[in-house]
Amino acid sequence: MNPEEILYPISKPSKGSSGPTWMWRFTKPVIYIDKCTKCGLCWVYCPEATINILENGFPKIDYEYCKGCGICDNVCPVDAIEMVNEYGD
Ligand code: SF4
Ligand code: SF4
């Protein structure tokens with residue numbers, strides 16, 4: 001097979017591709033801006049594309065679409081994101 005004929009799957013997340021989150025999210029990420037270094041990794045890895053980078057360089061989460069998966073918490077190199085219980089302790 002000609003190498004130029006090989007197709008590569010590419011994942012392109014789009015905001016709200018699986019709809020708004022509503023009430024079923026149990027944990028949500030909270031960003032501690034005082035720890036954030038503006039590296040942008042959370043923005044890169046969020047599978048729902050619900051993290052926006054503001055003009056000042058800090059990330060902001062759109063909770064209407066965030067699914068609470070915790071990936072942003074896992075990839076943040078400085079622990080600036082914490083998953084907290086959606087309905088209190
Ligand atoms: S918890 Fe998941 S969906 Fe929500 S902002 Fe973090 S990576 Fe995105
Ligand atoms: S991964 Fe952490 S340090 Fe990097 S922009 Fe996101 S919150 Fe800030």
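Just above sits the structure.
Once a new chain begins, its residue numbering starts again from 1 and follows that chain's sequence as written. Following the order in which they are written, the chains are lettered starting with A and the ligands numbered starting with 1. Predicted model: local features are reported for residues with pLDDT of at least 70 only, side-chain atom pairs are reported and counted for 80 or more only, and whole-chain, interface and lining totals are derived from all residues. With hydrogens and water excluded, all non-hydrogen atoms of the structure serve as input to the side-chain values.

J.: Explanation requested: the overall build of the protein chain in the structure shown.
T.: Only DSSP runs of H or I with at least four residues qualify as helices, and only runs of E with at least two residues qualify as strands; both kinds are numbered from the N terminus onward. In terms of regular secondary structure, the protein chain is built from two helices and four strands. When the elements of the protein chain are put in sequence order from the N terminus, they spell out β-α-β-β-α-β. Counting only residues that meet the buried cut, the protein chain has 28% of its 89 residues in that class. By definition in these notes, contact holds between two residues if any of their heavy atoms fall within 4.5 Å. Taking the intrachain contacts of the protein chain between residues at least 6 apart in sequence as the baseline, contacts between residues at least 24 apart amount to 71%. For the protein chain, the exposed surface amounts to about 6,400 Å²; the carbon and sulfur share of it is 57%. The classification of residues rests on relative accessible area computed with a 1.4 Å probe and restricted to protein chains. Under 20% of the type maximum is buried, over 50% is exposed, and intermediate values are partly exposed. Each accessible area is a Shrake-Rupley result for a 1.4 Å probe, and residues are judged covered by the shown protein chains and nothing else.

J.: So what exactly am I meant to see when it comes to the pattern of salt bridges here?
T.: Opposite charge on two side chains permits pairing when their charged atoms draw close. The salt bridge definition used is simple: a Lys or Arg side-chain nitrogen within 4 Å of an Asp or Glu carboxyl oxygen. Under the definition given, this model contains two salt bridges. Notably, a salt bridge pairs Glu86 with Arg25, separated by 2.7 Å at the nearest N-O pair. Of this pair, Glu86 sits in the segment after strand 4 (81-85) while Arg25 is found in the segment before strand 1 (27-31), placing the two residues 61 residues apart along the sequence. Where Glu48 meets Lys67, a salt bridge forms, and the shortest distance between an N and an O atom there is 3.6 Å. In this pair, Glu48 is assigned in the loop between helix 1 (41-45) and strand 2 (51-53) and Lys67 in the loop between strand 3 (59-61) and helix 2 (71-75), connecting sequence segments 19 residues apart. For the pair Glu48 and Lys67, a shared accessibility class is recorded, and that class is buried.

J.: When you look at the packing of aromatic side chains in this model, what are you seeing that I'm missing?
T.: The description of two aromatic rings rests on the distance between their centres and on the angle between their planes. Side-chain rings of Phe, Tyr and Trp (the six-membered ring for Trp) are treated as a pair once their centres are within 6.5 Å; stacked means planes under 30 degrees apart, edge-to-face means over 60, and tilted covers the remaining angles. Evaluated as defined, the whole model comprises zero aromatic pairs. Here, a charge over a ring is recorded when the distance from Lys NZ or Arg CZ to the ring centre is within 6 Å and its angle to the ring normal is within 35 degrees. When the ring centre of Tyr63 is taken as origin, the NZ or CZ atom of Lys28, which lies over that ring, is 5.2 Å away.

J.: Honestly, the environment of Val78 in this entry has me stumped. Any pointers?
T.: When you line up the elements, Val78 lands in the loop between helix 2 and strand 4. For Val78 and Cys39, which are 39 residues apart along the polypeptide, the C-alpha to C-alpha distance reads 9.7 Å.

J.: In this structure, what is going on with the side chain of Arg25? I would like to understand it.
T.: Here Arg25 falls in the buried class, since its relative accessible area comes to 7%. Any N or O atom pair separated by 3.5 Å or less is treated as a polar contact, with the protein-specific requirement of one donor-capable and one acceptor-capable atom, and with residues adjacent in sequence counted only for side-chain atom pairs. Within polar-contact distance, the side chain of Arg25 engages the backbone oxygen of Tyr63 at 2.8 Å. Those residues within four positions of Arg25 in sequence are excluded, and the remaining contacts are Tyr63, Cys66, Lys67, Gly68, Glu86 and Tyr87.

J.: I would appreciate a short explanation of the nonpolar core in the present structure.
T.: If you look at soluble globular proteins, the nonpolar side chains tend to sit buried side by side. Judged by nonpolar contacts, Ile31, Cys36, Cys42, Cys46, Ile51, Phe58, Ile61, Cys66, Cys72, Cys76, Ala80 and Ile81 together constitute the single largest core of 12 residues. If we skip the residues at most four places from it in the chain, Cys42 touches Ile51, Pro59, Cys72, Val75 and Ile81. Note on terminology: a nonpolar core comprises buried Ala, Val, Leu, Ile, Met, Phe, Trp, Tyr and Cys residues joined through side-chain atoms within 4.5 Å.

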